[in-house]
Amino acid sequence: MTQNLSEQLIQSLKEDLYTGELLPGSSLMSQRKMSEHYGMSRATVREAVGLLEAEGFIEVQHGGKTLINNLLEHYFDLPLEGLGDNLEFQMQVMDVRAMLEGEAAFYAARRATDQQLQALTLEYNRMQQRGQRETTLAKAKEDLRFHMMIAESSHHLLVISFSQIFYSRFFNAIYGVLSRTLKRYGRYPDGIRAQHGTIYQAIISRDADAARNAAVEHILYTRRHLEGEPVDI
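Calculation criteria
- Residues numbered from 1 in each chain as written.
- Predicted model: local features only at pLDDT ≥ 70, side-chain atom pairs only at ≥ 80, totals over all residues.
- Heavy atoms only, no water.
- Helix = DSSP H or I, 4+ residues; strand = E, 2+ residues; numbered from the N terminus.
- Buried < 20%, exposed > 50% of the residue type's maximum accessible area, 1.4 Å probe, protein only.
- Contact = heavy atoms within 4.5 Å.
- Areas by Shrake-Rupley, 256 points an atom, 1.4 Å probe, with all protein chains shown as cover.
- Pairing = 2+ DSSP bridges.
- Expected span 1.5 Å × (residues − 1).
- 1 Å grid on protein atoms, 1.4 Å probe; cavity = no way out; pocket = protein on both sides within 12 Å on 5 of 7 lines; lining within 4 Å.
- Points joined across faces, edges and corners; volume = space filled by probe spheres on them.
- Core = buried A, V, L, I, M, F, W, Y, C linked by side-chain atoms within 4.5 Å.
- Polar contact = N/O pair within 3.5 Å; in protein donor to acceptor, adjacent residues only side chain to side chain.
- Salt bridge = Lys/Arg side-chain N within 4 Å of Asp/Glu carboxyl O.

Q: Looking at this structure, I do not really get the overall build of the protein chain. What am I missing?
A: When its secondary structure is counted, the protein chain shows 10 helices and three strands. Counting from the amino terminus, the protein chain carries its helices and strands in the arrangement α-β-α-α-β-β-α-α-α-α-α-α-α. Burial statistics for the protein chain: of 233 residues in total, 45% are counted as buried. For the protein chain, the share of sequence-separated contacts (at least 6 apart) that also reach a separation of at least 24 residues comes to 73%. In the form shown here, the protein chain has an accessible surface area of approximately 12300 Å², with 51% of it arising from carbon and sulfur atoms.

In structure tokens form, the structure reads like this:
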């Protein structure tokens, strides 16, 4: 009976991970709280947690804190030093961002909870209130925070997991794109701020196709800057 209950708990937690209810990098509730929440004994919960750790889904740290692993992490250990300032590599990063953020916006428009939409609204409003005096680094982090919130609202495990890794591993290239744009034009293009608004409105309206198109165009707009094409800023 204990084995069956522990298997049920494992399956329930895996389902929460697959559907984005549990986010990679977040903490799992304590075993005591899980025992109370699921109405199972501490021994059953402890067994389930041990099996999940053995399978690589979670990591139990010293002190009892349990972190949910990003299952794609081990597949992206690439030697990338020195590529952040390379124009060709920056263009490739933009290509992948267009695909990734388009899908993230699409699924966020379809699947985001009301609570997630409220959090996205708060973040979007904060973005509008921040001034132009921010450093390039701060702007890059702000941009990725907005897009990571969209990814986390997609309830799509691969979109969430890959976004976390991609934004972390390729941050220097993403930062380099913005820095290169600012040096060329002398300011943060107005079009980017407007595009954030278009993406946000499409997601809030739950218009998945419009959200995808807006997110893709947002990245391609910046890519055209890099290519030196004439664009409105």
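Read on, since the account is not over.
Q: I tried to follow the sheet that holds strand S2 (residues 58-60) on my own but got confused; where do I start?
A: Strand pairing in a sheet is mediated by backbone hydrogen bonds. Such pairs are either parallel or antiparallel. Taken in spatial order, the three strands line up as S1-S3-S2 in an open sheet, and their pairing is antiparallel. Edge strands, defined here as strands with exactly one partner in the open sheet, are strand S1 (27-28) and S2.

Q: How should I be thinking about helix H3 (residues 42-54) in this particular structure?
A: The first and last C-alpha atoms of H3 sit 18 Å apart over 13 residues, in line with the 18 Å expected at 1.5 Å per residue. Just past H3, the residue Gly 56 takes up positive phi, approximately 90 degrees.

Q: Explain empty space enclosed by the protein here, please?
A: Think of a ball as big as a water molecule: rolled over the atoms, this probe shows where empty space is left. Summed over the entire model, instances satisfying the criterion amount to four cavities of 30 Å³ or more. Empty space within the largest cavity amounts to approximately 160 Å³. What lines the largest cavity is a set of 14 residues, and nearest its centre among them are Arg 97, Asp 143, Leu 178, Ile 192 and Thr 222. Those elements that place two or more of their residues in the lining of the largest cavity are helix H4 (87-111), helix H6 (136-152), helix H8 (171-185) and helix H10 (208-227). Residue contributions to the lining of the largest cavity peak at four residues, all from H8.

Q: Sorry, what's going on with the nonpolar core here?
A: The nonpolar side chains of a soluble globular protein tend to be buried with one another. Core analysis: the largest hydrophobic core is formed by 39 residues, its most contacted members being Val 93, Leu 120, Phe 146, Ile 150, Phe 166 and Ile 203. Among the secondary structure elements, those contributing two or more residues to this core are H4, helix H5 (114-129), H6, helix H7 (157-169), H8, helix H9 (190-204) and H10. Grouped together as the second largest cluster of nonpolar side chains are 16 residues, Leu 28, Val 45, Val 49 and Leu 157 included.

Q: How should the side chain of His 155 be read in this particular structure?
A: Following the sequence through the fold, His 155 ends up in the loop between H6 and H7. For His 155, a relative accessible area of 9% translates into the label buried. A distance of 2.8 Å separates the side chain of His 155 from the side chain of Gln 116, its partner in a polar contact. If sequence neighbours within four positions are ignored, His 155 has contacts with Tyr 18, Thr 19, Gly 20, Glu 21, Arg 111, Ala 112, Thr 113, Gln 116 and Ile 160.

Q: Sorry, what's going on with the pattern of salt bridges here?
A: If charged atoms from side chains of opposite charge come close, those side chains can pair. What the rule picks out here adds up to 11 salt bridges. Among the salt bridges present, the one from Arg 223 reaches Asp 95, with a minimum N-O distance of 2.6 Å. Taken together, the residues span a long stretch of sequence, with Arg 223 in helix H10 and Asp 95 in helix H4 at a distance of 128 residues. Note on Arg 223: relative accessible area 15%, which makes it buried. A residue is classified by how much of its surface remains accessible, and Asp 95, at 31% relative accessible area, is partly exposed. Taken together, the shared-partner salt bridges connect Arg 97, Glu 101 and Asp 143 into one network.

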